[in-house]
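# Observations on the model geometry
Here are the chains, one letter per residue:
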Amino acid sequence: MKKLLLTLSLLFMSAHADYEIIKSKSKSFSDENVTSMEIMYFGSLENYSKSVVEIQKNIAEKGTEGFLNGLSSGAESLAKGFTKAGVQSMGAGLGIGIVIGALDPFIMGFYADQTFVQVEKITLKDGSIAYSNRLFVGNKHPSYSDEEIKNLINK
Amino acid sequence: MKTIYSILMILTLASSSFADTIDFKSDKLTNVIEIDFEKDDNIFTFIYDAWLKKSAYEKQYNQYMAETLYAVSTYGKQNGYSYFAIVNEKMNNLVGYPINSYQGLVQYGRLVPIMKNREDFNPDIFGGNGEETIIVNGRIEMKVIYLKEPIEGLFLYNIDETVTDTKKAL
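Residues numbered from 1 in each chain as written. Chains lettered and ligands numbered in written order. Predicted model: local features only at pLDDT ≥ 70, side-chain atom pairs only at ≥ 80, totals over all residues.

## Topic: the overall build of chain B
When helices and strands are counted, chain B shows four helices and six strands. Mapped in sequence order, the helices and strands of chain B form the string α-β-β-α-β-α-β-β-β-α. Split into buried and exposed, the 170 residues of chain B put 42% on the buried side. Excluding contacts between residues fewer than 6 apart, the proportion of contacts in chain B whose partners are at least 24 apart in sequence is 72%. (Helix = DSSP H or I, 4+ residues; strand = E, 2+ residues; numbered from the N terminus. Buried ≥ 20, exposed ≤ 12 C-beta atoms within 10 Å, placed from the backbone. Contact = placed C-beta atoms within 7 Å.)

## Looking at the nonpolar core
The nonpolar side chains of a soluble globular protein tend to be buried, and buried together. Residue and element names in this part refer to chain B. Of all hydrophobic cores here, the largest spans 69 residues; its most connected members are Phe 84, Ala 85, Val 144 and Leu 156. The element contributing the most residues to this core is helix α2 (residues 57–78), with nine residues. Among residues more than four places away in sequence, those in contact with Ala 85 are Asn 93, Leu 94, Val 144, Ile 145, Leu 147 and Leu 156. (Core = buried A, V, L, I, M, F, W, Y, C linked by C-beta atoms within 7 Å.)

## Regarding helix α4 (residues 159–169) of chain B
Residues and elements named next belong to chain B. Looking at α4, one finds that the buried residues are Ile 159, Thr 162 and Thr 166. Looking straight down α4, one finds its buried side chains confined to an arc of 60°; they lie on one side. Across from the buried face of α4, at angles greater than 90 degrees, the exposed residues are Asp 160, Thr 164 and Lys 168. (Arc of directions from axis to C-beta.)

## Points about the sheet that holds strand β2 (residues 34–44) of chain A
Residues and elements named next belong to chain A. Strand order in the open sheet made by the four strands is β1-β4-β3-β2, with antiparallel pairing throughout. Lying at the two open borders of the sheet, with one neighbouring strand each, are β1 (19–25) and β2. Each neighbouring strand pair of the sheet contributes to a mean axis angle of 15°, computed without reference to strand direction. Of the strand pairs in this sheet, β2 and strand β3 (residues 114–124) are connected by nine bridges, and their pairing is antiparallel. Residue Val 34 lies in a different strand from β3, and its bridge partner there is Leu 124. Packing of helix α2 (residues 45–66) onto the sheet brings it into contact with β2, β3 and β4 (129–138), and relative to β2 it is tilted by some 105°. (Pairing = 2+ DSSP bridges. Axes fitted to C-alpha atoms, helices over the stretch in contact; angles between N-to-C directions.)

## Looking at the environment of Lys 62 of chain A
Residue position: Lys 62 of chain A is located in helix α2. Discounting residues that sit within four places of it in the chain, Lys 62 of chain A has contacts with Phe 67 and Asn 69 of chain A.

## Section: the environment of Leu 69 of chain B
Summarising the element assignment, Leu 69 of chain B is placed in helix α2. When residues no more than four places from it in sequence are discounted, the contact partners of Leu 69 of chain B are Tyr 102, Thr 162 and Thr 166 of chain B.

## Some points on helix α3 (residues 102–109) of chain B
Spacing of three or four residues puts side chains on the same side of an α-helix, whose turn is 3.6 residues. Taken together, the buried positions of α3 of chain B are occupied by Tyr 102, Leu 105, Tyr 108 and Gly 109 of chain B. Along the long axis of α3 of chain B, the arc covered by the buried residues comes to 115°, so they all point the same way.

## Things to note about the confidence of the model for chain B
Any region with low pLDDT has predicted coordinates that should not be read closely. Residues and elements named next belong to chain B. Summarising the model, chain B shows a mean pLDDT of 74, and 63% of its residues fall at 70 or more. Mean pLDDT across the elements of chain B ranges from a minimum in helix α1 (residues 2–15), with 44, to a maximum in strand β6 (residues 157–158), with 97. This stretch, residues 1–16, has a pLDDT under 50; its non-local contacts, to residues over four places away or in other chains, come to 23 contacts. Low pLDDT (under 50) marks residues 113–130, which in the prediction has 39 contacts with non-local residues, meaning those over four places away or in another chain. Predicted as a complex, the structure gets a pTM of 0.81 and an ipTM equal to 0.80. (pLDDT = per-residue confidence, 0-100.)

## Remarks on the confidence of the model for chain A
All names here are of chain A. Across chain A, the average pLDDT comes to 80, with 74% of residues at or above 70. Within chain A, the element-level pLDDT minimum falls on helix α1 (residues 2–16), averaging 50, and the maximum on β2, averaging 95. In the predicted structure, residues 8–16 sits below a pLDDT of 50 and forms four contacts with residues beyond four places in sequence or in another chain. Ignoring residues within four places in sequence, the model shows residues 100–111, a span with pLDDT below 50, making 42 contacts including any to other chains.

Set out below in C-alpha cells:
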C-alpha cells in the first residue's frame, strides 16, 4: 500500500512538473562502460558547496597528505571519495589562487525552495574514474521530503 | 608533490599567453561580446550585450547562452585550453557548482516557469539585485577561468564539447 501511494505521488508530481533534474558528468562516458557507481554525496547543494570549500581550504592549509584531518563528517565522507590524483589536482588549482578568492559558498539565488544534489563516483571499464551528478531544483508546498527527492532523482 | 608543481606550472604559464583580441563578428554572433580580463585572478568576463526580455525569455535565453558559451569556448580553444570553469559567485564550478554543459544551462533556464513568483517575472531571476550569477541586471555576464587540465571531482566545461554543442544551436 505504501509503495502504491509512493508511486501514485511520484506520478502526480511528475505530471505537475514542479521540479527539474539536471544531469551532468565530469567527462563523457557511456553507460556500457560503467563498472561501478558509488554515491559520494546526497543532500542540499548549499551543504555540498560548503563541504567542497572545506576540503579545498584543508588542502591549502594542510597539504594533500594531511587534508582529511579536522574535516567535518560530511566533508570527510565526500573527500574520501576523491582519488589521490583528484586531490592533487585540486591542490594545484588552489596553488594559483583561482579558488582562494572565491571560497564563500554560493547561496542559491533561485526562488525555488529546494536544491539538492547527488554526486556519484563512477569507475569505468578502463579503470579510470569519472564523476556525475544530478541536480534537483524543486518548488513544492509543502516541500519534498529527502526520501521523495531521492526517489525522483533515481527513478 | 612533483605532480602538483607540474600542473601548477602548466596552469600558470598558460594563463599569461592569451591573445589580446578575437573577432567574433566572423562567427555570425548576433550581439557584441565584450571580454574583460582581470589578470590578478585570471578571470575573463564575457558580457553579452543584449537584454533578456520577458516576452521572449526562453528563446532569447537559449540563443544568448549558446552565443556566449560559444564565444567563451572558442576563445579558450584558440588559446590552447581544454577546460573552463564559470566562477560567478553564485554559480562557481570551482566550489562545486554542478552544471557544466550548454544543455544543463538550457535546462536551468527552463526552471523559470516553475518558480513560485513567476507572475512577478524578472529577467534578473537568476541573479537580480546585482547578485553574482550569470545573468546580471537582465544581461549575461559570464566570468570564466581557463584550465589546461581538469580538476578531478569538480564539474568543468570541456571546451571541445562546448564548441560542438553551442555551434549546433547558433
